[in-house]
Amino acid sequence: MPELPEVEVVKKSLDKKIKKLVINDVIVLNKKLRYKIETKKFLKLKKTKIISIKRRSKYLLINLNNKLTILVHLGMTGKFFIIDQNKKNTKQVFIILWVKMMTAWPSRFTFYKHIKLIYNDVRKFGFIKLLNSKELLNSSHLKYLGPEPLSNNFNLIYFINYVKKLKTSIKDLLMNQKFVSGLGNIYCNEILFKSKIDPRKTVNKLKRLDLINLIKNTKIILKNSISLGGSSIKDFSNADGRNGNFQQKFNVYGRENNNCLTKGCSGLIKKIYVSNRSTFFCSYCQK
Ligand SMILES: [Zn+2]
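The paragraphs below set out a description of the structure included in this document. (Residues numbered from 1 in each chain as written. Predicted model: local features only at pLDDT ≥ 70, side-chain atom pairs only at ≥ 80, totals over all residues. Heavy atoms only, no water.)

1. Remarks on the sheet that holds strand β5 (residues 78-83)
Alright, step 1. Taken together, the four strands give an open sheet; going across it, the order is β1-β6-β7-β5, and neighbouring strands pair in mixed fashion. Among the strands making up the open sheet, the edge pair consists of β1 (22-28) and β5. When the angles between neighbouring strand axes are averaged without regard to direction, this sheet yields 20°.
Alright, step 2. Pairing analysis gives six bridges linking β5 to strand β7 (residues 115-121), with the strands arranged antiparallel. Bridge pairing in β7 places I83 opposite K116.
Alright, step 3. Strands β5, β6 (92-97) and β7 of the sheet are contacted by helix α1 (residues 4-18), whose axis makes an angle of about 25° with β5. (Pairing = 2+ DSSP bridges. Helix = DSSP H or I, 4+ residues; strand = E, 2+ residues; numbered from the N terminus. Axes fitted to C-alpha atoms, helices over the stretch in contact; angles between N-to-C directions. Contact = heavy atoms within 4.5 Å.)

2. Description of the nonpolar core
Alright, step 1. Among the nonpolar cores identified, the biggest contains 33 residues, and L14 and F80 are the most heavily contacted of them.
Alright, step 2. The element that contributes the greatest number of residues to this core is α1, accounting for five residues.
Alright, step 3. In contact with F80, other than residues within four places in its own chain, are V10, L14, L60, V72, L74, L117, I118, Y119, N238 and A239.
Alright, step 4. Within the second largest apolar cluster, 28 residues are counted, among which are L156, F159, V180 and L222. (Core = buried A, V, L, I, M, F, W, Y, C linked by side-chain atoms within 4.5 Å. Buried < 20%, exposed > 50% of the residue type's maximum accessible area, 1.4 Å probe, protein only.)

3. What about the packing of aromatic side chains?
Any two aromatic rings considered together are summarised by their centre-to-centre distance and by the angle between their planes.
Alright, step 1. According to the stated counting rule, one finds 13 aromatic pairs in the structure shown.
Alright, step 2. Ring geometry for Y59 and F127: centres 6.2 Å apart, planes at 50°, overall tilted. Remark: F127 occurs in strand β8 (residues 127-132) and Y59 occurs in strand β3 (residues 59-64); sequence separation between them is 68 residues.
Alright, step 3. On the basis of relative accessibility, which here comes to 11%, the residue Y59 falls in the buried class.
Alright, step 4. We classify F127 as buried; its relative accessible area is 0%. (Phe/Tyr/Trp six-rings, centres within 6.5 Å; stacked < 30°, edge-to-face > 60°.)

Next comes the structure, spelled out in structure tokens:
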């Protein structure tokens, strides 16, 4: 499942390609995503301009000049493709939602000389909603999210106040979107390894220095992954079709029974389950 870095990478590639373009047409070929696509609403997008593309947690927000926002969650396998056959500067984008992977392009689309933006989702866990500003403000997807981990709001004072009296495990806390938004299983495993903290440790037993390290390493790991184009597992790629490379930097995720990569450590990476999620760690390095 794409986590914050992967969604940020998609956001950047969309920002580069479709910002300031006017939507020429929308075709919904298949409504069946996690929530049924409201086709009629989307057809009203003709001639609206894309003014910005933002990310909040693992959500993409495509803001339009008529105060509507296309809210996108990529689910497990959601992908945007951009097909740009027109090498001249084009001012229009032609949006097609949820197409099945096609080997040949249907002939009825080929006369369009616009950039085509295509959303495809093999497993259909993603969703695309069209919301007005009030609906966006009240959206249950966004309303309860904790601070962005790369923002200054995710800081030591916030962390100390949040964990007071809390008896949950640190892994569960990092996965909790109300505490901090955008982290998923991969990055939580990596952050805990880098911070030398046992994923099962209860948060009220963490020392001040642990919290400092967790915040610092969260930011380092996310930034590093974004700069490498995210992690390409389960076939992730950005809207230009490029894969990320951060999966080559994993220290623990998916490495069970392999040697710990800490210099001088003779431990093997273990795989356990914390709240039913696969959890990878070194019991020598992480206390
Ligand atoms: Zn180790």
